[in-house]
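Examination of the molecular architecture
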Amino acid sequence: MKKNLIITSLLLMLIVNLIPITSKASNVTNSSLNTSLVTSSSDSIISVNSLDSSISYNLDPGVAKTRSVSGTKGETIYISAVISSSTSTGRIGIMDTDNTLHYASITGSGYISYKFPSTGTYKIYCKNTSSQAYAIALTFITE
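Every chain begins its residue count from 1, and numbering advances along the sequence as written. Two thresholds apply to this predicted model, a pLDDT of at least 70 for residue-level local features and 80 or more for giving and counting side-chain atom pairs, whereas whole-chain, interface and lining totals are computed over all residues. Computation of side-chain values: all heavy atoms of the structure, hydrogens and water removed.

Here a strand is any run of E in DSSP of at least two residues, a helix any run of H or I of at least four, and the numbering for each starts at the N terminus. The helix and strand inventory of the chain stands at 1 helix and 10 strands. Element order for the chain, N to C, with α for helix and β for strand: α-β-β-β-β-β-β-β-β-β-β. Per-residue accessibility, obtained with a 1.4 Å probe over protein chains only, is compared with the maximum for each type, and a residue is labelled buried under 20%, exposed over 50%, and partly exposed between these values. Put simply, the chain has 143 residues, and 43% of those count as buried. Roughly 7,100 Å² of accessible area belongs to the chain as shown, and the carbon and sulfur atoms make up 52% of that amount. The Shrake-Rupley method, run with a 1.4 Å probe, gives the accessible areas here. Residue values count only the displayed protein chains as cover.

Among the 8 residues in strand 4 (residues 64-71), 6 count as buried, and that is most of the element. Note on pairing: two strands pair once DSSP finds at least 2 bridges between them. In terms of strand pairing, strand 4 meets strand 9 (residues 120-128) through 8 bridges, oriented antiparallel. Within strand 9, the residue paired with Ser-68 across the bridge is Lys-123.

Of all 8 residues making up strand 5 (residues 76-83), 8 are buried, and the element is well covered by its neighbours. Both faces of strand 5 are covered, namely the face carrying Thr-76, Tyr-78, Ser-80 and Val-82 and the face carrying Ile-77, Ile-79, Ala-81 and Ile-83. Relative to strand 8 (residues 109-115), strand 5 is paired through 7 bridges, and the arrangement is antiparallel. Residue pairing for strand 8: Val-82 is matched across the bridge by Ser-109. Both strand 5 and strand 10 (residues 134-142) contribute to a ladder of 7 bridges, which runs antiparallel.

Aromatic rings considered in pairs are described by the distance between their centres and by the relative angle of their planes. Aromatic rings from Phe, Tyr and Trp, taking only the six-membered ring of Trp, are treated as a pair when their centres fall within 6.5 Å; an angle between ring planes under 30 degrees marks them as stacked, one over 60 as edge-to-face, and anything in between as tilted. Using the criterion set out here, one finds 3 aromatic pairs in the structure. Centroid distance Tyr-114 to Phe-116: 6.0 Å. Interplanar angle 75 degrees. Geometry classified as edge-to-face. With respect to burial, Tyr-114 and Phe-116 carry one shared label: buried. Members of the aromatic cluster, connected to one another through ring pairs, are Tyr-114, Phe-116 and Tyr-122.

Below, the discussion takes up the environment of Leu-101. With respect to the helices and strands, Leu-101 occurs in strand 7 (residues 100-107). Looking at Leu-101, the relative accessible area reads 1%, which means it is buried. Along the sequence, Leu-101 and Tyr-125 sit 24 residues apart, while their C-alpha atoms lie 8.2 Å from each other.

In this structure, Asn-99 is a non-glycine residue whose phi angle is positive, near 65 degrees. The topology assignment puts Asn-99 in the loop between strand 6 (89-95) and strand 7.

This part takes up the confidence of the model for the chain. Per-residue pLDDT for the chain averages 75, and the proportion of residues at 70 or more is 64%. Residue-level confidence of the predictor is what pLDDT reports, using numbers from 0 through 100. Put simply, strand 2 (residues 46-47) is where the chain has its lowest mean pLDDT, 42, and strand 6 is where it has its highest, 96. Residue contacts follow a heavy-atom distance rule, with two residues in contact if any of their heavy atoms lie within 4.5 Å. In the predicted structure, residues 14-51 sits below a pLDDT of 50 and forms 89 contacts with residues beyond four places in sequence or in another chain.

So, on to the nonpolar core. Put simply, buried Ala, Val, Leu, Ile, Met, Phe, Trp, Tyr and Cys residues joined by side-chain atoms within 4.5 Å make one nonpolar core. Formed by 22 residues in total, the largest nonpolar core has its most connected members in Ile-77, Ile-79, Ile-92, Ile-94, Ile-124, Ile-136 and Leu-138. Setting aside anything within four residues of it in sequence, one finds Ile-77 in contact with Val-69, Ile-94, Ile-112, Ser-113, Tyr-114, Phe-116, Ile-124, Phe-140, Ile-141 and Thr-142. By size, the runner-up hydrophobic cluster in this structure holds 5 residues, among which are Ala-64, Met-95, Leu-101 and Tyr-103.

Within the fold, Lys-123 resides in strand 9. By relative accessible area, which is 16% here, Lys-123 ends up buried.

Shown next, in the form of structure tokens:
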């Protein structure tokens, strides 16, 4: 049921923005990052608690943003993204409590899921890897 909610939310965002889906996440990668590199000044904790939530950013080339979320051990977070240009590239993912980044490289749109291994504060992550600025909309739920 909740997976249908995220799919419906993504489709509604696409209809409103008239952006075609052209791809899904091609792979998931893990890497360690310095959190000061990607932390935004308006980084407030969101309690997802199985409710549909969304955020959007305007990202310049090479810029990354994060948004803190509280995660409960055993729950899975599903994150989908739509970029305003169907040919632009980016990364979406989650930074765990050990500051390890789990991300997927996307073109135009994509998704990733992550099962919380422990209860704590995690960060939803997105980065513009294109040479042009764009807007990105992220939708996420937990179950």
